[in-house]
Amino acid sequence: MTVWGAPRLPPNLVARPGLVSIIESAAPLVIVHGPAGAGKTSLLAEWAANTPQRGIWVQLESADTSGPAAVSLVAAELSAAGMLLETNPLRMADAALVGGTDEWSLLRRGLQALGDDVALVVDRADLLSAEALAFLLAVLPRVPRLRLVLSARRIAVVDASGPVLAAERAVIGWRELAFSRDEARAVLGPDESEDLVDEVLRWGGSPLLTRAVAAAAPQASGAAARVARAVDTYESYLWANAGSSESAPADDEYRSFLLAISIADVLTESLAHDLSGSPDAARLLARAEQDGLGLWHGDARDRVFTLTPLLRESFQQELIRADRGSLRGLRRQVAQWSHDHGRPYEALEFAVHARDLTLASTFVRDSSFLLLRNHPTQVVELFAKTPLLALRQYPLLAMLLALIFNARKQHRLRAIELFGLAIASSRIQGDRADPPDRALFRTIESASLRVLGSFEASLTAAEAAYETLTVMSLEDRALLGRLVPVLFTHIGTSFFYNGRMDKAMDCFRRSASIGEAENLPAGLEGLALEAGAAAITGDLVTAEERAAEGERRTWPDGWTTGYAGSFSQIARAFIALERFDDETAHTHVRSLDKHRPTIEHWPILAHLDALIALFRGDIDRALLDFEREVETHLNRSALGPFTAARLRATRSLLYLSAGDADAAEQALSVQGKRGRRDTVALARISLARGNPDATLELLERTSPADDQTPRVEAEVLVLRAAALVATGRAEGSAATLRAVAFLRHNHQGLAFALIPEQIQQAMLNELNGVDSALEAAPSLIPIAPTRIPLTSREEAVAEQLVRLASASDIAAALVVSPNTVKSQLRSLYRKLGVTNRADAIAALSARRHPR
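Structure report, in brief. (Residues numbered from 1 in each chain as written. Predicted model: local features only at pLDDT ≥ 70, side-chain atom pairs only at ≥ 80, totals over all residues. Heavy atoms only, no water.)

Side note on the overall build of the protein
- Looking only at helices and strands, the protein has 47 helices and eight strands in total.
- Against the 2.2 N^0.38 benchmark of 29 Å for 851 residues, the protein shows a C-alpha radius of gyration of 36 Å, more extended than a compact globule.
- Principal-axis analysis of the C-alpha atoms places the extent of the protein at approximately 130 × 60 × 55 Å.
- Here the protein, with 851 residues, has 55% of them falling under the buried criterion.
- The long-range fraction of contacts in the protein, counting pairs at least 24 apart against all pairs at least 6 apart in sequence, stands at 69%.
- If you sum the accessible surface of the protein, you get close to 36500 Å²; carbon and sulfur atoms cover 51% of it.
- If you average the places of the 91 positive and of the 104 negative side-chain charges in the protein, the two averages end up 6 Å apart. (Helix = DSSP H or I, 4+ residues; strand = E, 2+ residues; numbered from the N terminus. Rg over C-alpha atoms; globule rule 2.2 N^0.38 Å. Buried < 20%, exposed > 50% of the residue type's maximum accessible area, 1.4 Å probe, protein only. Contact = heavy atoms within 4.5 Å. Areas by Shrake-Rupley, 256 points an atom, 1.4 Å probe, with all protein chains shown as cover. Lys, Arg positive; Asp, Glu negative; His and termini not counted. Charge placed at Lys NZ, Arg CZ, Asp CG, Glu CD.)

Take a look at the structure:
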């Protein structure tokens, strides 16, 4: 067995079997706690080299490492160690995290799926954010075959573990890490005096200090002076350690090499060569390891070198003092190397510190989703001192920050400001950019405008992005790399919410196709969008085919019930409703509940909830929930015309199902020209009111060019057939057969459920058993109560009845006789279907103020 990724043992290691036995014990949690230079990493490396336990070593390097970033590192090491089977949810961890899955649930399930005992070593666990540390510790009791071995500089890690596993942990503190007399003697060498050993122990027996004293050239001064010099400054140790009596040029080369490589947090031989320019980088790194200045981590393929943290800090300060001008170039080199080796935040950090926002923008283009999910707090802090003026030429950077702030309710104004900056910058840059960047900038502009509620402008930008992306050369498209399916999904979503369904479906198909061809998880979102959009628009054949294809694919953990896969759940909900299966539809809609407050697809989910409520007869609760959700989201963002029309139709349908045709009609009130969807809804209301002639008249006004989706076509055909059958016209049979054939061809059934039961039965009689599937259809729309009109005199009496209790008072107010008022009251009560004043007032209120 072995601990994958553990550092190579340093030369001249002093074995510490007593401390190793503590780590090797059965304790599920081991914490090695001490200051920099206390020997924590060396001790863990010694244990890892000899333990029979199987495990992985995770090296943290960035302060406030978030939960997603930590889980991503763990998954990467498990994958590199070959410990993840195809079915393990951690195999596609990064994609799953981007999709919004809970990182700690993902880690827990992935570790449980290993099926064997495993040790997870986290070096520098104190670099975890407080929240991430707490969650990591909470995973331990839920994975019985897991051991956690942590090193930390801060006591906070020990404190945090107390409430979780105080009785089952082993802690090795700085006192235990301090060298004993025999260990200090072994490091200092047999020729050193006992006085020097005593002096080192008097200073606490620090392993780093002991090695610094041992490495320094012998001096004529006494033991106390030798140790004091090492304590005063670690630089005396560093440069004494770097020095040699062989030749001054060699010393200068070594010194320059150490200064140059100190800029990087981790190194390979090639990076060390690039930073230092030295052809002997491999030899100099070996010497640095020999001198105790750092350690190698990982196996031969992925091995990286890290300088001892305290020593690296000292080298960096020396570098700043010696050659500040070279820092930018070195940082750029490290930034590019980090980007090329899958370290997105480190790449961004070095680029920003090098003041190269162009390079930073390039990294954001390639890694924005990982940065959003794994490093949002760190990104905000990184740009905290960057003025907005500096971002106006970098729309990608502005967009990244806008998305981070937009996810924080208390920072919405800041998000709007940054979205505006991203839009303005995209327009400026897009006009003079090459095709790949122009497509990217226009997509950013479209998505930003959509989020801000500027749908018409969002459509214009989407059109420009689509045109650029579809006509660019293969060479230009290759420059966008993994972003291509992502761009098509964003462009397609802008088309969708502007009612441009043909182009939306084209974008979603392109995204899915490219993703499948190039094995990119982002294409799965295109597949989900294709299935969902097809179901929404009534093309259930395509929806079923694409949903089935989605079920055959392997998805990153959490995607199918997250934002990326939300349209797949929407597709399955519609498919179930078309088969009159509200229970299955309910299950699919509920799987997205945790995303309802933030997901932009909430109007579609609200519509599905309304349809499910129609099946269950729970209309009053559904109306309340619908209005509450609309109000909540309107407080966050504006609605586009297409979404507003959808919400009007949903509200109207709920009222009509409740038997309130007046409220249903009022819900469709809109200034300007009505859309085809509104006209069809009015036709349904007329049918429910028992006025099929009005239904036919309204349907004749609809323009097919306005909305040609299969769903609206199905509703038009069913309503026309229903109206013809209701009026007893001869052409009712043929119209019914046409409507049923259309429903069968598109695998629909819901349109038939949205007509009154009596008319349903009459249409089924016309079919003579042609389509038995529709016989199972419920009727979700009742016949609306007939509203008898009041005369002008009755209206006048009704107005006074609300204010005045007696017939004589009403007569006086209207200047008529009491007998006339009594006669009109009897007529009024009869038309309202009541027998007393209180019920009459309630009925009048309902007529004048429908729900």
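A look at the sheet that holds strand E5 (residues 146–152)
- Taken in spatial order, the six strands of this open sheet run E1-E3-E4-E5-E2-E6, and their pairing is parallel. Two strands close off the open sheet at either side, each with one partner strand: strand E1 (3–4) and strand E6 (169–172).
- Relative to E5, strand E4 (residues 118–123) is paired through five bridges, and the arrangement is parallel. What sits directly across from valine 122, in E5, is leucine 150.
- Helix H3 (residues 67–80) contacts E1, strand E3 (55–59) and E4 of the sheet and is inclined by roughly 135 degrees relative to E3. (Pairing = 2+ DSSP bridges. Axes fitted to C-alpha atoms, helices over the stretch in contact; angles between N-to-C directions.)

Description of the nonpolar core
- In terms of nonpolar packing, the biggest core is built from 184 residues, with Ile263, Leu348, Val379, Phe383, Phe496 and Phe567 touching the most fellow members.
- Top element by residues in this core is helix H34 (residues 602–616). It accounts for eleven residues.
- In this structure, Ile31, Leu97, Leu137 and Val158 belong to the second largest nonpolar core, which totals 41 residues. (Core = buried A, V, L, I, M, F, W, Y, C linked by side-chain atoms within 4.5 Å.)

Focus: the side chain of serine 448
- Mapping serine 448 onto the fold places it in helix H25 (residues 435–452).
- For serine 448, a relative accessible area of 0% puts it in the buried group.
- If we skip the residues at most four places from it in the chain, serine 448 touches Met399, Phe419, Ala422 and Ile423.

Quick word on empty space enclosed by the protein
- Enumeration according to the criterion identifies five cavities of 30 Å³ or more in this entry.
- Volume-wise, the largest cavity comes out at about 270 Å³.
- Lining of the largest cavity is provided by 19 residues; of these, His607, Ala649, Leu653, Arg677 and Glu715 occupy positions nearest its centre.
- If one sorts the elements of the lining of the largest cavity by residue count, helix H36 (residues 641–657) sits on top with five residues.
- Residue composition of the lining of the largest cavity, grouped by class: twelve nonpolar, two polar and five charged. (1 Å grid on protein atoms, 1.4 Å probe; cavity = no way out; pocket = protein on both sides within 12 Å on 5 of 7 lines; lining within 4 Å. Points joined across faces, edges and corners; volume = space filled by probe spheres on them. Nonpolar A, V, L, I, M, F, W, Y, C, P; charged D, E, K, R; others polar.)

Things to note about the pairing of E6
- Burial along E6 is one-sided: the residues Ala170 and Ile172 are buried and none of Arg169 and Val171 is.
- Pairing between strand E2 (residues 29–33) and E6: four bridges, direction parallel. Following the sheet pairing, valine 30 is matched in E6 by alanine 170.

Let's talk about unusual backbone geometry
- Located in the positive-phi region is arginine 355, a residue other than glycine, with phi close to 60 degrees.
- Here arginine 355 lies in the loop between helix H19 (344–353) and helix H20 (357–374).
- At valine 815, a residue that is not glycine, the phi angle is positive and equals roughly 60 degrees.
- Looking at the secondary structure, you find valine 815 in the loop between helix H45 (807–814) and helix H46 (818–832).

Let's talk about helix H35 (residues 619–634)
- With 16 residues, H35 extends 22 Å between its outermost C-alpha atoms, agreeing within 8% with the 22 Å of an ideal straight helix rising 1.5 Å per residue.
- Among all positions of H35, only Ile619, Ala622, Leu623, Phe626, Glu629, Val630 and His633 are buried. Buried residues of H35, seen end-on, are gathered within an arc of 135 degrees and therefore sit on one face of the element. Turned more than 90 degrees away from the buried face of H35, the exposed residues are Asp620, Arg621, Leu624 and Glu631. (Expected span 1.5 Å × (residues − 1). Arc of directions from axis to C-beta.)

Re helix H30 (residues 522–536)
- The end-to-end C-alpha distance of H30, which contains 15 residues, comes to 22 Å, matching closely the 21 Å that a straight helix rising 1.5 Å per residue would cover.
- When you tally the buried positions in H30, you get 15 out of 15 residues, the bulk of the element.
- Positive phi shows up at glycine 538, right after H30, with a value of about 95 degrees.

Here's the deal with the packing of aromatic side chains
- Under the criterion given, the structure shown has five aromatic pairs.
- Here tryptophan 104 and phenylalanine 135 contribute two aromatic rings whose centre-to-centre distance is 6.1 Å and whose plane-to-plane angle is 10 degrees, an arrangement assigned as stacked. Of this pair, tryptophan 104 sits in helix H5 (residues 103–114) while phenylalanine 135 sits in helix H6 (residues 130–139); the two residues are 31 residues apart in sequence, bridging distant segments of the chain.
- Where tyrosine 466 meets phenylalanine 495, the ring centres are 5.8 Å apart and the plane angle is 80 degrees; that geometry is what we call edge-to-face. Here the residue tyrosine 466 occupies a position in helix H26 (residues 455–471), and phenylalanine 495 occupies one in helix H28 (residues 484–496), the gap between them amounting to 29 residues. A single burial state applies to tyrosine 466 and to phenylalanine 495, both of which are buried.
- Put simply, the rings of Phe496, Tyr497, Phe567 and Phe642 touch in pairs and so form one group of aromatic residues. (Phe/Tyr/Trp six-rings, centres within 6.5 Å; stacked < 30°, edge-to-face > 60°.)

Quick notes on the packing of helix H39 (residues 692–701) against helix H40 (residues 710–726)
- The N-to-C vectors of H39 and H40 enclose an angle of 145 degrees; their axes lie 8 Å apart at closest approach. Pair H39 / H40 crosses with left-handed handedness. Side by side, H39 and H40 meet where Pro692, Thr695, Leu696, Leu699 and Glu700 of the first sit next to Val716, Leu719, Arg720, Ala723, Leu724 and Ala726 of the second.
- A class-by-class count of the residues in the contact of H39 with H40 yields eight nonpolar, one polar and two charged. (Left-handed = near helix turned anticlockwise from the far one by under 90°.)

Here's the deal with the environment of leucine 774
- By secondary structure assignment, the location of leucine 774 is in the loop between helix H43 (757–767) and helix H44 (792–801).
- Given a relative accessible area of 4%, leucine 774 falls into the buried group.
- Distance from leucine 774 to valine 740, taken between C-alpha atoms, is 8.6 Å for residues 34 residues apart in sequence.
- Those residues in contact with leucine 774 that sit more than four places away from it in its chain are Phe580, Val740, Leu743, Gly749, Phe752 and Leu764.

Topic: the pattern of salt bridges
- Going through the model one piece at a time under the given rule, you end up with 50 salt bridges.
- Across the salt bridge formed by glutamate 253 and arginine 283, the nearest N and O atoms sit 3.5 Å from each other. A residue pair is termed long-range when its members are at least 10 positions apart, and glutamate 253 in helix H14 (residues 248–261) and arginine 283 in helix H16 (residues 281–290) qualify at 30 residues.
- The exposure class of glutamate 253 is partly exposed, given its relative accessible area of 27%.
- The closest approach of N and O atoms between arginine 510 and aspartate 506, which form a salt bridge, is 2.9 Å. On the criterion of helical spacing, the pair formed by arginine 510 and aspartate 506 is a turn pair, its members being four residues apart in helix H29 (residues 501–517).
- Overall, arginine 510 belongs to the partly exposed group, its relative accessible area being 28%.
- The network of salt bridges with common partners includes Arg590, Asp593, Arg596, Asp609 and Glu629. (Salt bridge = Lys/Arg side-chain N within 4 Å of Asp/Glu carboxyl O.)

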